[in-house]
Amino acid sequence: MVLKEAQDKYARMNKALPVPISDLWNCHRQDMASAILKFQSVEEVILWAQASGHTATPGGSGFDHRIVFNPALIQTKIEALLARFPSHSLSTLLGLGESTLSHPDSLGIIEGHVLSNVFLWHLNAYLACMTFIPPPHSVLEIGGGYGGLARIFALKGVDYTIIDMPETLFFAEVFLRANGIEGVKLLRVGDPLGIYDLAINQGGFGEMPQQTVDYWAEILKGRIKHVYSLNYHKEGPNFTGAEFRGWKVIREEVDPPPIMGDVQGTWLEAIYAL
């Protein structure tokens, strides 16, 4: 039922986008469009979305940096989260656990909790947004992938919206509904926006054409109190750099420890406000 409804919705959706996407994501988009109507099960959808060059089932979704479960790395990330967010009850949050529908190569159990490296990435983002700015009641995620971060915020009772390409929204709908989460709103890029406490982007701004980053910098004005970005660190006028189009940097950290060990390059975690 979930799969068929998502496939039907995708087939009816307007596929046009108001802004360009990179060559990389144009390729990913074509791959997703080819795969969507061929899927036979929810499990197949999630496996495809979460497969990567670092899992036993290779794939090219480009959604995250999921790797084969590495107990030592997971323990290092947990210790980094404890050190970074000492005022939070991390054991309670770890108890949320990774979705058991996730790629089996990436799952393992530590102290009774089902975890993955990506779950701890998402937990870092959740805690940063709950610690370094007033805790948001409403969130807009720009480029939500298959909905892994949305799942954590939704389980914690935050009003959550994902805005993305039609193809990506298909994967988010299947993943979230399969996990019993019905309240996350899914918007196609170009749909009308509401007013939100926070916008989030992880790994997306750095892979967008500058014209598209400009689009987001302008369209979010007057609708968002803060922007949380975790992206490749690069030079130039971009949300991943210094001041941009009136947005002020209120916090920056290069290579926050909870995300290190499973990615290459330099990453910048930043929070912006007008």
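Cut-offs applied
In this convention, every chain numbers its residues from 1, walking through the sequence in written order. Side-chain atom pairs in this predicted model are given and counted only at pLDDT of 80 or more, local residue features only at pLDDT of at least 70, and totals for whole chains, interfaces and linings cover all residues. With hydrogens and water stripped out, all remaining heavy atoms of the structure feed into the side-chain values. Labels follow the DSSP assignment, with helices taken as runs of H or I lasting at least four residues and strands as runs of E lasting at least two, numbered in each case from the N terminus. Helix span, expected: 1.5 Å multiplied by one less than the number of residues in the helix. Relative accessibility thresholds used throughout: buried, under 20% of the residue-type maximum; exposed, over 50%; partly exposed, between the two (1.4 Å probe, protein chains only). When DSSP finds two or more bridges between a pair of strands, those strands are recorded as paired. By convention, a crossover is right-handed whenever its connection, traced from the first strand over the helix to the second and viewed with the strands pointing away, goes clockwise. Simply put, an axis is a line fit to the C-alpha atoms, just over the touching stretch for a helix, and the angle between two N-to-C directions goes from 0 to 180 degrees. These descriptions rest on fixed angle ranges, namely under 35 degrees for roughly parallel, over 145 for roughly antiparallel, 65 to 115 for roughly perpendicular, and the rest for oblique. Crossings are assigned a handedness: left-handed for a near helix turned anticlockwise from the far helix by less than a right angle, right-handed for a clockwise turn. What makes two residues a contact is simply this: any of their non-hydrogen atoms within 4.5 Å. Residue classes follow a fixed rule: Ala, Val, Leu, Ile, Met, Phe, Trp, Tyr, Cys and Pro count as nonpolar, while Asp, Glu, Lys and Arg count as charged, and any other residue, Gly among them, counts as polar.

Q: I'd love a proper account of helix α6 (residues 117-131), names of residues and values included.
A: Counted at 1.5 Å a residue, the expected span for α6 with its 15 residues is 21 Å, and the 21 Å between its end C-alpha atoms agrees. Within α6, 14 of the 15 residues are buried, leaving the element largely enclosed by the surrounding structure.

Q: Residue-level account of the pairing of strand β7 (residues 224-232), with values.
A: The element β7 is largely enclosed, with a buried count of 7 among its 9 residues. Pairing geometry for strand β6 (residues 196-202) and β7, over 6 bridges, is parallel. Opposite Ala 199, over in β7, you have Val 227 as the bridge partner. This β-α-β element, β6 to helix α9 (residues 210-219) to β7, shows right-handed connectivity. Pairing geometry for β7 and strand β9 (residues 267-273), over 6 bridges, is antiparallel. Residue Ser 229 lies in a different strand from β9, and its bridge partner there is Ala 270.

Q: Describe the packing of α6 against helix α7 (residues 148-155), and please don't skip the residues or the numbers.
A: In the contact formed by α6 and α7, the axes pass within 9 Å of each other and the chain directions differ by 50°. On the basis of their axis angle, the class for α6 and α7 is oblique. Judged by the sense of rotation from one axis to the other, the crossing of α6 with α7 is right-handed. The segment α6 lies against α7, with Phe 119, His 122, Leu 123, Ala 125, Tyr 126, Cys 129 and Met 130 engaging Gly 148, Leu 149, Arg 151, Ile 152 and Phe 153. Classifying every residue of the contact of α6 with α7 gives 9 nonpolar, 2 polar and 1 charged.

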